[in-house]
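# A structural walkthrough
Below, each chain spelled out in residue letters.
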Amino acid sequence: MHMPTARTARLLPLLLVLALCLPAVPAAAPQSSPAPATTAEAGAQCLALQGRLSRQQSALQELQAQARALNAERALEQLRHAHQVQTLQARQSQLQYVTVIAVLSLLLLATAGFLLQQRKRQSLLRQLSEVDSLTGLSNRHAATAALNAMAAQRGPEGTRHVLFLIDIDHFKHVNDNHGHAAGDTVLVEVSRRLQAACRPTDVVARWGGEEFLVACANLTREQAEQVATRLRRAMAYTLHTEHATRPVTVSLGLAPIPFFDAPAEHASPANRWDYALRMADRALYAAKRHRDAWVGYWGAQLPDDATAEAALEQPEAATGLITVMSSTPRIVSLRMARARSLRAVRAQG
C-alpha cells in the first residue's frame, strides 16, 4: 500500500464533510462515472444546511443575549425594589423617631407648663401671704421674717441696723370726715412715697392699719437721723378731696438693732429686734404728741448695774446710756423734764 501524502491528509476532512452532505447513491456499474449535476446539488444542499445552522446559531446567540438582558433587567428591578423597600423602611424609622421625639417634646412641654403653672401658683400664694393687698408692700408676716434674718447679722463696726416705725397723723379724721375710700387713697399714696424714698435692700412693710415699718442695715447714728428726716419729708403731701384739701403728715420713731452697743454673743433682750421695736414704738409715741416729727432713741453700752427693761421704761432718764434724738428739740426738752432718773425708779421699786 502507498502511504498518503501530506496533501492528501489535508483533504481528507473536506472529503468527509462532503461525503456526509451527499445523499446515499445506489451502486452503479464500475465503469460508469458520477453525473456532474448530482454533485452540484449536494454542494448546494450542504451550503444551505450550513446557512441554516449559522442562522440557528445566530438566533440562539440572539436569544441568549435577550435572556441575559432580561436577567440583567430583572436583577436591576430587584435592586430597585430592594432600594425602595430600604427607603420606605428608613422613612418609617425616621417617622417613628420623629413621632417619638414629638411625643417626648410634648410631654416635656406639658411638664414644663405644669411646673411653671405650679410655680406661678406658689408665687401667687406666697405673694398673697407676704404682700399687703392694698398697698403692695410687705405685710407683717414677711417683715417679721426679714427682721429675723437682719438681726442675725452684725454690720461693720460703728454701724447698726435701724428700725423706723411710722404712723400717719390724724388718719382717723381722714376716715371720719372724708370716708374710707379717701383713707385708702392716703394709704396707697403714702406707701408709694415711702417705697420710692427707700433703698431696694431696705425692709419696707405695712405693719398694721396706718402704721408702717422700715428697717435699714448698717447705719451710723447720723445716717439714721438723715433717713428719718428724708422719710418724714417724702411721705408728706396734700390730699385733694371732692370738697376740701388737707395736708397729710407722718410721725416716726426709730431705734437701732441691737439697741445697746454690746457684743453679738452678749445674751441680752436688747440685742433682739423686738426690743428695738418697743423702743421705736416709745419714740413714735413721743413724736405723735407733736405730729409731723420724728424721735429716736440710741443706746450706748449698758453697764452691769442697769437692765434693758429699766431703760425701756424711762429712756429719757437713762442719762449717758441712751441718746434722745428728735427733729424738734422741744420734744426732747419736754420729755427730759417729765422723766425720772433710772436710779429713782429703782429706789421706788
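In what follows, the structure referred to is the one given above.
In what follows, the accompanying structure is described. (Residues numbered from 1 in each chain as written. Predicted model: local features only at pLDDT ≥ 70, side-chain atom pairs only at ≥ 80, totals over all residues. Heavy atoms only, no water.)

Attention shifts here to the pattern of salt bridges. A full pass over the atoms with the stated rule returns 10 salt bridges. A salt bridge links D167 to K288; its shortest N-O distance comes to 2.4 Å. Taken together, the positions of D167 in strand β1 (residues 160-168) and K288 in helix α7 (residues 273-288) put the pair 121 residues apart, joining distant regions of the chain. Judged by relative accessible area, which is 7%, D167 ranks as buried. Judged by relative accessible area, K288 falls into the buried class, the value being 17%. When the shortest N-O distance is used, the salt bridge between E189 and R193 registers 2.9 Å. (Salt bridge = Lys/Arg side-chain N within 4 Å of Asp/Glu carboxyl O. Helix = DSSP H or I, 4+ residues; strand = E, 2+ residues; numbered from the N terminus. Buried < 20%, exposed > 50% of the residue type's maximum accessible area, 1.4 Å probe, protein only.)

What follows deals with helix α5 (residues 180-197). Working note: α-helix, 3.6 residues per turn, so residues spaced by three or four point in the same direction. Here α5 spans 26 Å end to end across 18 residues, near enough to the 26 Å set by a 1.5 Å rise per residue. The complete set of buried residues in α5 reads A182, G183, V186, L187, E189, V190, S191, L194 and A197. (Expected span 1.5 Å × (residues − 1).)

All right, on to the state of the cysteines then. Inspection of every chain in the model, using the stated rule, returns zero disulfides. Its sulfur unpaired, C198 is 5.9 Å from the next cysteine sulfur, which belongs to C216. Assessed through its relative accessible area of 2%, C216 is described here as buried. (Disulfide = S-S within 2.5 Å.)

Each neighbour pair has its own omega, and for I257 with P258 the value is -5°, a cis peptide bond. The phi torsion at H170 lies on the positive side, around 55°, for a residue other than glycine. The residue H170 is located in the loop between β1 and α4 (171-178) in this model. Relative accessible area serves as the criterion here: at 35%, H170 is assigned to the partly exposed category. Backbone geometry at R291 places phi at a positive 70°, although glycine is not the residue there. Relative to the assigned elements, R291 resides in the loop between α7 and β7 (294-299).

Aromatic ring pairs: the centre-centre distance and the angle between the two ring planes describe each pair. Using the criterion set out here, one finds four aromatic pairs in the structure. Pairing W207 with W273 gives two aromatic rings, centres 6.5 Å apart and planes at 90°, and the pair type is edge-to-face. Here W207 is found in strand β2 (residues 203-208), whereas its partner W273 is found in helix α7, with 66 residues between them in sequence. Judged by relative accessible area, which is 6%, W207 ranks as buried. Here W273 falls in the buried class, since its relative accessible area comes to 13%. Each ring, one from F260 and one from Y275, has its centre 6.5 Å from the other, and the planes form 40°; the classification is tilted. With F260 in the loop between β6 (250-257) and α7 and Y275 in helix α7, this residue pair connects regions lying 15 residues apart in the sequence. A connected cluster of aromatic rings, assembled from ring pairs, spans F259, F260 and Y275. (Phe/Tyr/Trp six-rings, centres within 6.5 Å; stacked < 30°, edge-to-face > 60°.)

A separate point is the nonpolar core. Core analysis: the largest hydrophobic core is formed by 34 residues, its most contacted members being F259, Y275, Y297 and I322. With 10 residues, the top contributor of residues to this core is α7. Core analysis: the next-biggest nonpolar cluster, separate from the first, contains 33 residues, V186, L187, V204 and A224 among them. (Core = buried A, V, L, I, M, F, W, Y, C linked by side-chain atoms within 4.5 Å.)

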